[in-house]
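# Observations on chain architecture
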Amino acid sequence: MSGDSTFEEMERRLRAALHPIEPPVHLQQRLEQTLDNIVELAAEELESWEIEAIKDPRNWPRAAFGPATAIVVGSGAAVGLALLRTQRKRHRRRAQSKGLRDLTARTVRDVAREALKVFDDLTPRH
Amino acid sequence: MATAPDKAKLDADFSELYKAHLKDVYSYSYYRVGNHHDAEDLTEQTFLQAYRHFARAQEESQGRPLRPWLIRIAHNLAANYYRDRSRRPQTNIDDAGALSTPHTTEGLVEDRDDLARILRGVQQLPDDRREALIMRFALGMDNREIARAMDRTDGATKVLLHRAIRQLEGLVEADMNGNGPK
């Protein structure tokens with residue numbers, strides 16, 4: 001090293017020494033799996049809260065006046081929710097599949113299953 | 001209370017935040033604790049805690065970037081990590097991970113030695129100075145972002161960085177003259 005200790009030179013050396021560190025792949029997989037599990041648990045809690053909430057008479061007016069808007073907004077959101085849930089399970093699917101064809105079949109099955117779950121949740125219960 | 005579509009949007013936004021800043025949080029954690037094993041734990045805990053408070057942070061940020069908030073979580077967790085285990089950052093930052101320069105010629109070996117001296121010097125700095133340097137040089141954060149992450153003014157952050165670099169110059173110089181940390 002030349003011994004140059006100017007401020008700018010030290011900045012250059014710091015940039016070289018403190019470069020960004022790539023996170024290990026196994027950390028990414030572990031973290032995504034953990035977050036997926038938490039998101040799924042939280043979604044289930046939310047769904048059970050919504051079912052409980054509809055039993056409360058104070059929520060009925062909103063339920064009575066909202067259906068038309070809810071159908072329009074809800075359809076788009078439901079499709080999004082089904083796709084999001086399907087997307088969350090991609091690592092598990094990839095790990096379990098025995099090839100591209102199997103992976104495609106599993107993805108289609110998951111989309112259908114999640115869509116049924118979402119639309120079932122949105123269907124009014126009597 | 002969030003509805004299902006609100007929740008889905010929130011999760012999608014968090015997923016974006018995670019993808020955009022995983023490397024930042026990991027880099028910060030690594031330079032803070034000095035080894036990959038603890039850096040992984042710290043990164044994981046940071047994102048779990050961020051997920052818990054994400055809705056409020058998003059609301060309060062009013063559209064500003066959330067990276068300073070994320071780094072602040074990592075900073076607080078790192079502080080707890082040291083307090084709980086009563087230890088300082090390790091000085092032996094994993095050279096293999098941090099210094100990837102191949103040493104095929106004498107010049108490159110010298111560069112590598114110089115970078116190792118810089119890292120040793122960074123580890124000797126007081127916590128706030130070390131953190132400011134990590135944020136600036138490893139994460140590429142500007143003064144404003146660093147100020148938000150460290151809960152300081154922009155001016156105080158500028159002074160902090162300046163003093164950190166000046167002190168580091170002295171430490172590296174001492175190291176070169178054989179007065180470095182044992």
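The written sequence of each chain sets the order in which its residues are numbered from 1. Whichever chain is written first becomes A and whichever ligand is written first becomes 1, with later ones labelled in order. Confidence filtering applies because this is a predicted model: local features only for residues at pLDDT of at least 70, side-chain atom pairs given and counted only at 80 or more, and all residues used for totals across whole chains, interfaces and linings. Derived side-chain values reflect all non-hydrogen atoms in the structure, with water molecules and hydrogen atoms excluded from consideration.

### Notes on the environment of B:Ile165
One can find B:Ile165 in helix α8 (residues 154-176). Burial classification: accessible surface area is computed with a 1.4 Å probe over protein chains only, and a residue below 20% of its type maximum counts as buried, one above 50% as exposed, and the rest as partly exposed. When its relative accessible area of 2% is taken as the criterion, B:Ile165 is described as buried. Once the C-alpha coordinates of B:Ile165 and B:Arg129 are considered, the two residues, 36 residues apart in sequence, prove to be 8.4 Å apart. Residue contacts for B:Ile165: discarding those within four places in its chain leaves A:Phe7, A:Met10, A:Glu11, A:Leu14, B:Leu133 and B:Phe137. Strands here are runs of E lasting at least two residues and helices are runs of H or I lasting at least four, both read from the DSSP assignment and numbered beginning at the N terminus. Contacts were defined at the residue level, with two residues in contact if any of their heavy atoms lie within 4.5 Å.

### With respect to the nonpolar core
To form a nonpolar core, buried Ala, Val, Leu, Ile, Met, Phe, Trp, Tyr and Cys residues must be joined to one another through side-chain atoms within 4.5 Å. With 61 residues, the main nonpolar core has A:Leu14, A:Leu18, B:Trp69, B:Leu133 and B:Leu168 as its most contacted residues. Top element by residues in this core is helix α1 (residues 4-33) of chain B. It accounts for 10 residues. Leave out the neighbours within four places in its chain, and B:Leu133 touches A:Leu14, A:Leu18, B:Leu125, B:Ala138, B:Leu161, B:Ala164, B:Ile165 and B:Leu168.

### Topic: the confidence of the model for chain A
Scored by pLDDT, chain A has a mean of 68; 39% of the residues are at 70 or more. What pLDDT conveys is the predictor's confidence in a given residue, as a value from 0 to 100. The least confident element of chain A, judged by mean pLDDT, is helix α3 (residues 60-65) of chain A at 51; the most confident is helix α1 (residues 7-17) of chain A at 90.

### What to know about the packing of helix α6 (residues 127-138) of chain B against α8(B)
For any two helices packed against each other, one specifies the crossing angle of their axes together with the interaxial distance. Residues and elements named next belong to chain B. All axes here are fitted lines through C-alpha atoms, helices being fitted over the stretch that makes contact, and every angle between N-to-C directions spans 0 to 180 degrees. Where α6 contacts α8, the two axes come as close as 9 Å, and the packing angle between them is 100 degrees. In terms of their interaxial angle, α6 and α8 are classed as roughly perpendicular. Residues Asp128, Arg129, Ala132, Leu133, Arg136 and Phe137 of α6 lie in contact with α8, whose contacting residues are Leu160, Leu161, Arg163, Ala164, Ile165, Gln167 and Leu168. Polar here means any residue outside two lists: the nonpolar Ala, Val, Leu, Ile, Met, Phe, Trp, Tyr, Cys and Pro, and the charged Asp, Glu, Lys and Arg; Gly therefore counts as polar. Tallied by class, residues from the contact of α6 with α8 come to 8 nonpolar, 1 polar and 4 charged. Roughly parallel covers angles under 35 degrees, roughly antiparallel covers those over 145, roughly perpendicular covers 65 to 115, and oblique covers all other angles.

### As for the packing of aromatic side chains
A ring pair, where both rings are aromatic, is described by two values, the distance of the centres and the angle of the planes. All names here are of chain B. Pairing of aromatic side chains requires ring centres within 6.5 Å, counting the rings of Phe and Tyr and the six-membered ring of Trp. Pairs whose planes differ by under 30 degrees are stacked, by over 60 edge-to-face, and all others tilted. Scanning the model with the defined rule gives 5 aromatic pairs over all chains in all. Seen in terms of ring centroids, Phe14 and Phe54 are 5.2 Å apart; in terms of plane orientation they differ by 75 degrees. Their pairing is edge-to-face. Linking Phe14 in helix α1 with Phe54 in helix α2 (residues 36-61), this pair joins segments that are 40 residues apart in sequence. Grouping residues by exposure puts Phe14 and Phe54 together as buried. A ring pair is formed by Tyr18 and Phe47, whose centres lie 5.2 Å apart and whose planes are at 80 degrees; its orientation type is edge-to-face. With Tyr18 in helix α1 and Phe47 in helix α2, this residue pair connects regions lying 29 residues apart in the sequence. The class of Tyr18 is buried, set by a relative accessible area of 5%. Put simply, the rings of Phe14, Tyr51, Phe54 and Trp69 pair up and form one aromatic cluster.

### Looking at unusual backbone geometry
All names here are of chain B. If you check the backbone angles, Gln62 has positive phi at about 50 degrees while not being a glycine. By the secondary structure assignment, Gln62 is in the loop between α2 and α3 (67-85). By relative accessible area, Gln62 is classed as exposed at 70%.

### Thoughts on helix α7 (residues 143-150) of chain B
Within α7(B), burial applies to B:Glu145, B:Ile146, B:Ala147, B:Ala149 and B:Met150. Following α7(B) by one or two positions, B:Asp151 adopts a phi angle in the positive range, close to 55 degrees.

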